[in-house]
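Read off the chains here:
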Amino acid sequence: MTEHMVLALAYAALGSVVASLGLQAATALHGQYARLCVLAADQNRTVPALVGVYFRNTTRLLTFSSLAFMAGAASDAVTSRFSPSPFSALLLGYGCGVFLLVCACTLGLQGLADRKLRLHRAPWRVAYVAAGLAGVPVAAFGMMLVVHYGSVWPQ
């Protein structure tokens, strides 16, 4: 196995861990928001608009960026094997890096915000912050692979 392949596999594996934690955080936030809506309805109140905006948009951003990274990384791996186009390699490589960066930043910020909100257990908060902090250099590493080799995956 070549050095380029090992680096690409390491990037994809670490990025998938961060994206998976992003999906888990989005699911947990969606469940917390549903519970808040039920509690508000029991008291004949509505959930404040700013709270709804936070939960809905954070959930959407985490879900979209996580799934976009995973789909893009899989597409990049497949297209590098069957039709190695330099344009698609650049587009998918940078795109995956950007989506992972968005996911990692959102995940880290959500974990830090949760220190005050206390919506999740402490181990999950630590995992979200750690994944956010680790995801930023992993995303930069993926973009560095594209700059150095011309694509994430070997041609």
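All values reported here derive from a predicted model rather than from experimental measurement. (Residues numbered from 1 in each chain as written. Predicted model: local features only at pLDDT ≥ 70, side-chain atom pairs only at ≥ 80, totals over all residues. Heavy atoms only, no water.)

Peer 1: Help me understand the pattern of salt bridges, please; the structure alone is not making it clear to me.
Peer 2: Two side chains carrying opposite charge are able to pair once their charged atoms lie near each other. This model, assessed by the stated rule, comprises 1 salt bridge. We note a salt bridge from R125 to D114, for which the minimum N-O separation is 3.6 Å. Within this pair, whereas R125 is found in helix 4 (residues 122–149), its partner D114 is found in helix 3 (residues 86–117), the two being separated by 11 residues in sequence. The same class applies to R125 and to D114, which are both buried. (Salt bridge = Lys/Arg side-chain N within 4 Å of Asp/Glu carboxyl O. Helix = DSSP H or I, 4+ residues; strand = E, 2+ residues; numbered from the N terminus. Buried < 20%, exposed > 50% of the residue type's maximum accessible area, 1.4 Å probe, protein only.)

Peer 1: Would you mind going over unusual backbone geometry with me for this structure?
Peer 2: Note: most peptide bonds trans; most residues except glycine with negative phi. Positive phi is not limited to glycine here, since N44 has a value of about 55°. Take N44: it is sitting in the loop between helix 1 (3–42) and helix 2 (49–82). N44 gets classed as exposed once you look at its relative accessible area, which sits at 75%. Of note in the backbone geometry, R118 takes a positive phi value of approximately 60° without being a glycine. For R118, the position within the fold is in the loop between helix 3 and helix 4.

Peer 1: Explain the environment of A26 to me, please; I cannot follow it from the model alone.
Peer 2: Take A26: it is sitting in helix 1. In contact with A26, other than residues within four places in its own chain, are T59, L62 and T63. (Contact = heavy atoms within 4.5 Å.)

Peer 1: Sorry if this is basic, but what is going on with the side chain of Q32 here?
Peer 2: Locating Q32 in the fold gives a position in helix 1. Taking relative accessible area as the criterion, Q32 reaches 16% and is therefore assigned buried. Ignoring sequence-local partners within four residues, the contact set of Q32 consists of F55, L119 and H120.

Peer 1: Looking at this model, I keep getting lost on the environment of F69. Mind explaining?
Peer 2: Its location among the elements puts F69 in helix 2. The spatial distance from the C-alpha of F69 to the C-alpha of V18 is 9.9 Å, given a sequence separation of 51 residues. Once you skip the residues sitting within four places of it in the chain, F69 turns out to touch Y11, A12, G15, S16, A19, C96, F99 and L100.

Peer 1: Even after reading the chapter, I still don't get the nonpolar core, so can you show me in this structure?
Peer 2: Side chains that are nonpolar tend, in soluble globular proteins, to be buried together. One finds Y11, F69, C96, L100, V152 and W153 to be the most contacted residues of the largest nonpolar core, which totals 17 residues. Among the secondary structure elements, those contributing two or more residues to this core are helix 1, helix 2, helix 3 and helix 4. For this core, the element with the highest residue contribution is helix 1, accounting for 6 residues. (Core = buried A, V, L, I, M, F, W, Y, C linked by side-chain atoms within 4.5 Å.)

Peer 1: I keep staring at helix 1 and nothing clicks. Help me out?
Peer 2: Since the α-helix packs 3.6 residues into each turn, any two residues three or four apart lie on the same face. The end-to-end C-alpha distance of helix 1, which contains 40 residues, comes to 59 Å, matching closely the 58 Å that a straight helix rising 1.5 Å per residue would cover. Of the residues flanking the end of helix 1, it is N44, one or two places downstream, whose phi is positive at about 55°. (Expected span 1.5 Å × (residues − 1).)

Peer 1: Is there a simple way to think about a nonpolar patch on the surface in this case?
Peer 2: A cluster of nonpolar side chains, namely M1, V6 and L9, defines an oily patch on the protein surface of about 330 Å² accessible area. With respect to the helices and strands, the residue V6 is situated in helix 1. (Patch = residues over 30% accessible without salt bridge, like charges linked within 9 Å, V, L, I, M, F, W, Y side chains within 5 Å. Areas by Shrake-Rupley, 256 points an atom, 1.4 Å probe, with all protein chains shown as cover.)

Peer 1: Would you mind going over the side chain of T59 with me for this structure?
Peer 2: Along the chain, the position of T59 falls in helix 2. Overall, the relative accessible area of 12% leaves T59 in the buried class. Discounting residues that sit within four places of it in the chain, T59 has contacts with A26, L29 and H30.

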